[in-house]
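Here is what each chain is made of, one letter per residue.
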Amino acid sequence: MAVEQVQAGVECGIEVGRGDARYEALRRGFNQRFIATPDYVSVVSSTSEVVTAVNKYLASHRSDEDLHRRLTVRSGGHCYENFVCGNDVGVIVDLGQLDRAYLDQEMGAYCVESGANNWHVTTHLYAPFGVALPGGSCYSVAAGGHVAGGGYGLLSRQHGLTVDYLYAVEVVVVRDGQHAEVVIARRDSPEPELRELWWAHTGGGGGNFGVVTRYWFKGLPEPPSQVLLHAVAWPWEELLERPERLKSLVRNYGLFFEYENTTRLPASLRGDYSDMFTLLKLNQRANGKIGLITQLDATRPDSVERLNAFLDWITQDLGVEPTPLDRRMGEHAPMCGLVVPTRLPWLTATQTLNGSGDNQCGKYKSAYMRRGFTEAQLDAIYDHLSTEDYDNPQALLQVDSYGGAINLPDSGATAVYQRSSVLKLQYQTYWSWDQDANHDGVTDYLDAEIDPAIAAPHLRWIREFYRDVYQDTGGVPILAPTGTPAGGQPEPEPVTDGCYINYPDTDLDDPEWNRSGESSHRLYYGDNYARLQAVKEHWDPRNVFRHAQSVQPYTR
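Residues numbered from 1 in each chain as written. Predicted model: local features only at pLDDT ≥ 70, side-chain atom pairs only at ≥ 80, totals over all residues. Heavy atoms only, no water.

**Here's the deal with the overall build of the protein**
On a plain count of helices and strands, the protein comes out with 15 helices and 18 strands. Over its C-alpha trace the protein gives a radius of gyration of 23 Å, about what one expects of a compact globule, namely 24 Å for 556 residues. Counting only C-alpha atoms and orienting by the principal axes, one finds that the protein spans roughly 70 × 60 × 60 Å. Of all 556 residues assigned to the protein, the portion counted as buried reaches 60%. Once local pairs closer than 6 in sequence are excluded, the contacts in the protein between residues at least 24 apart make up 73%. Summed over all atoms, the accessible surface of the protein reaches about 20900 Å², with 48% contributed by carbon and sulfur. (Helix = DSSP H or I, 4+ residues; strand = E, 2+ residues; numbered from the N terminus. Rg over C-alpha atoms; globule rule 2.2 N^0.38 Å. Buried < 20%, exposed > 50% of the residue type's maximum accessible area, 1.4 Å probe, protein only. Contact = heavy atoms within 4.5 Å. Areas by Shrake-Rupley, 256 points an atom, 1.4 Å probe, with all protein chains shown as cover.)

See below:
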């Protein structure tokens, strides 16, 4: 088996401990809800330094000792839950210095190191080679977790997911429970255990099997030389006058992608729309507007015509004139100049859409949709977005278009199980500490620690919103059944198809909020979970790499 042994002490990264000026910054990620108190942060710049860091952590625990203070891994720091920066973290391995993206001539593939963020990867693959990963638009998300969870972006409907191009992965694993080793697992590795480890990283999620240090990709697509960008918004004031207006927009938006490439759409909309990616921003009424961002391939001569036909169809019952998108909506800044479709080079457009928002506290939830929204779901969406009981301009439901090339592979071809969805939803709410609860003259995380009321209204709104949208399926977006129950007819198939591991949500394991009987592992991984467990059992039987929703070995 292709394994490289690296002894501890050969190379050592930089350890940042308490009292170091860098400690406050390095013990937290993007989401300010979660701030760890590790013994130290190990800042590494090579694979051998990762091995040394992991071995040092393991050496501080006997082989039969519980690893109660977790070792966690950070690439970009955008984890939505406390998987990296939790209260039980002893050591954080920071991969931010492993940030190259280049053509590896020996491997015959493009190499992306785990600490490289989306914008760095974009510029370093496109400028010299003219290719791109079909990955996310948030510039500061790094490859480490993004790819492992099956990352997607504005090119995905046309070219698939990032993991559809993954050829190999370099992982620091702890197969014997006590010693770290470097493994390179390829799609075509002769050893089945290595092929399975490769497969597990095509959507199995970060922090499950080891420390990913490098990815290699083959056959990457060439993005269009130019794209159309368009951004519009509709005022909440006019939507509140007639609730059916908002529901009609969301209904038609969902039906467009459900009906895509079928005769259920008018003839003018039956062309190829796989190059179009859309983000519908359903902001809470306090924002003042909802918005829509659209990107299409501008090298096609019919791009403007197709954009207008799409907009006309989804707004056919709206009766509200569009306005500029002139305020922040989630991670995206105002885009007033895009109210008229704008032709831009693809790289320029990608930079235009780059955003990650402010460093605040946040809570997130997700859902895949196999069809458009039910009427009950539309009612719940309107009720929670329009309520006067919650007042937050930074709270929204973002509905991304999905499908197209994403749905070409089978559900077991990669660890990404959801290969029949047409929409992908992200529920979001953001807030700052705002209150000086401890009366020290400033606001910071210490105020939130002593005053749960700071976060309470935000958490309550998003939890109740999500629960009510999926009221008919136990408060969560369950997966379609895989077979017919013995002795009976199958239940009607739900319009949903589970959740996205890169938008983790620990509420899925709380019976107060999940009454469906489906675990978070089922919602994330569907029928692929047992296979992921087998990979975990082989490569991390001691469960060194773990978090609240990590893949569990069979023995656990």
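After that view of the structure, there is still more to cover.
**So, the packing of aromatic side chains**
Here a ring pair, both rings aromatic, is described through the centre-centre distance and the interplanar angle of the planes. Summed over the entire model, instances satisfying the criterion amount to 27 aromatic pairs. For the ring pair Y524 and Y525, a centre distance of 6.1 Å and an interplane angle of 65° mean the geometry is edge-to-face. Directly above the ring of Y500 sits K424, whose terminal nitrogen or CZ lies 3.2 Å from the centroid. Sitting over the face of the ring of W199, R531 holds its NZ or CZ atom 3.8 Å from the ring centroid. (Phe/Tyr/Trp six-rings, centres within 6.5 Å; stacked < 30°, edge-to-face > 60°. Lys NZ or Arg CZ within 6 Å of the ring centre and 35° of its normal.)

**Considerations on the nonpolar core**
In terms of nonpolar packing, the biggest core is built from 128 residues, with F256, L282, F310 and L425 touching the most fellow members. The biggest single contributor to this core is helix α8 (residues 243–259), with eight residues. Once residues within four sequence positions are removed from consideration, F310 is found in contact with Y253, F256, F257, L269, Y273, M276, T278, L292 and T294. Of all hydrophobic cores here, the second largest spans 21 residues; its members include V44, L71, A180 and V544. (Core = buried A, V, L, I, M, F, W, Y, C linked by side-chain atoms within 4.5 Å.)

**Digging into the layout of surface pockets**
Of the volumes computed, that of the largest pocket is approximately 390 Å³. Along the walls of the largest pocket sit 20 residues, with Q32, R33, F34, A448 and E449 positioned nearest its centre. Per element, the largest residue contribution to the lining of the largest pocket is three residues, and it comes from helix α12 (residues 445–450). For the lining of the largest pocket, the per-class residue count stands at twelve nonpolar, four polar and four charged. (1 Å grid on protein atoms, 1.4 Å probe; cavity = no way out; pocket = protein on both sides within 12 Å on 5 of 7 lines; lining within 4 Å. Points joined across faces, edges and corners; volume = space filled by probe spheres on them. Nonpolar A, V, L, I, M, F, W, Y, C, P; charged D, E, K, R; others polar.)

**Here we look at helix α9 (residues 303–314)**
Here α9 contains twelve residues, and its C-alpha end-to-end distance of 17 Å stays within 8% of the 16 Å for a straight helix at 1.5 Å per residue. Buried residues of α9: S303, R306, L307, A309, F310, L311, W313 and I314, and no others. Its buried side turned inward, α9 meets β11 (226–235), α8, β12 (277–283) and β13 (289–297). (Expected span 1.5 Å × (residues − 1).)

**A word on the pattern of salt bridges**
Opposite charge on two side chains permits pairing when their charged atoms draw close. Going through the model one piece at a time under the given rule, you end up with 35 salt bridges. With a shortest N-O distance of 2.9 Å, E244 and R251 are connected by a salt bridge. Exposure remark for R251: the relative accessible area of 18% places this residue in the buried category. For the salt bridge of R306 with D275, the shortest nitrogen-to-oxygen distance reads 2.9 Å. Residue R306 is located in helix α9, and its partner D275 is located in the loop between α8 and β12; the two are separated by 31 residues in the primary sequence. For R306, a relative accessible area of 5% translates into the label buried. A relative accessible area of 5% means that D275 is categorised as buried. Each of E81, K363, K365, R463, D505 and D507 takes part in one network of salt bridges that share partners. (Salt bridge = Lys/Arg side-chain N within 4 Å of Asp/Glu carboxyl O.)

**Looking at the pairing of strand β10 (residues 211–217)**
Where burial is concerned, most of β10 is hidden: seven out of the seven residues are buried. Pairing analysis gives four bridges linking strand β7 (residues 109–113) to β10, with the strands arranged antiparallel. Within the sheet, the bridge partner assigned to C111 lies in β10 and is W216. In the sheet, strand β8 (residues 166–173) pairs with β10 via six bridges, with the strands oriented antiparallel. Bridged to E170 within β10 is R214. (Pairing = 2+ DSSP bridges.)

**Some points on the environment of V50**
Summarising the element assignment, V50 is placed in helix α2 (residues 47–59). Separated by 43 residues in the primary sequence, V50 and V93 place their C-alpha atoms 7.5 Å from one another. Not counting chain neighbours up to four residues away, the residues in contact with V50 comprise V44, L95, L98, V172, V211 and T213.

**Focus: the confidence of the model for the protein**
For the protein, mean pLDDT is 94; residues scoring 70 or higher make up 96% of the total. In this model, residues 2–9 is a region of pLDDT below 50 whose contacts with residues beyond four sequence positions or in other chains number 22 contacts. (pLDDT = per-residue confidence, 0-100.)

**Observations regarding helix α3 (residues 118–129)**
Taking 1.5 Å of rise per residue, the twelve residues of α3 would be expected to cover 16 Å, and the 16 Å separating its terminal C-alpha atoms lies within 8% of that figure. G130 sits one or two residues past α3 and shows a positive phi near 75°.

**So, unusual backbone geometry**
Phi angles above zero are rare outside glycine, and N261 is one such case at about 65°. Relative to the helices and strands, N261 resides in the loop between α8 and β12. Residue N261 is classed as exposed on the basis of its relative accessible area, which comes to 57%. At H439, a position not held by glycine, the phi torsion is positive, near 60°. Along the chain, H439 turns up in the loop between β18 (423–431) and α12.

**Some points on the state of the cysteines**
Within this structure, the stated rule accounts for zero disulfides. Between C138, a cysteine without a disulfide, and C79, which holds the nearest cysteine sulfur, the sulfur-to-sulfur distance is 13 Å. Residue C138 is classed as buried on the basis of its relative accessible area, which comes to 9%. (Disulfide = S-S within 2.5 Å.)

**Considering the sheet that holds strand β5 (residues 89–94)**
The four strands are arranged β2-β3-β5-β4 in an open sheet whose pairing can be described as mixed. Of all strands in the sheet, those with a lone pairing partner are β2 (14–17) and β4 (70–74), marking the two edges. Adjacent strand axes in the sheet meet at a mean angle of 25° when their direction is disregarded. Against the sheet, α2 contacts β2, β3 (40–43), β4 and β5, and its axis sits at roughly 160° relative to β4. (Axes fitted to C-alpha atoms, helices over the stretch in contact; angles between N-to-C directions.)

**Topic: the side chain of Q360**
If you trace the backbone, Q360 turns up in the loop between α10 (346–353) and β16 (361–369). Taking the relative accessible area as the measure of exposure, Q360 reaches 10% and is therefore buried. At a separation of 3.1 Å, a polar atom in the side chain of Q360 contacts the side chain of S432. Beyond its immediate sequence surroundings of up to four residues, Q360 is in contact with F30, N31, Q32, Q394, Y430, W431 and S432. (Polar contact = N/O pair within 3.5 Å; in protein donor to acceptor, adjacent residues only side chain to side chain.)

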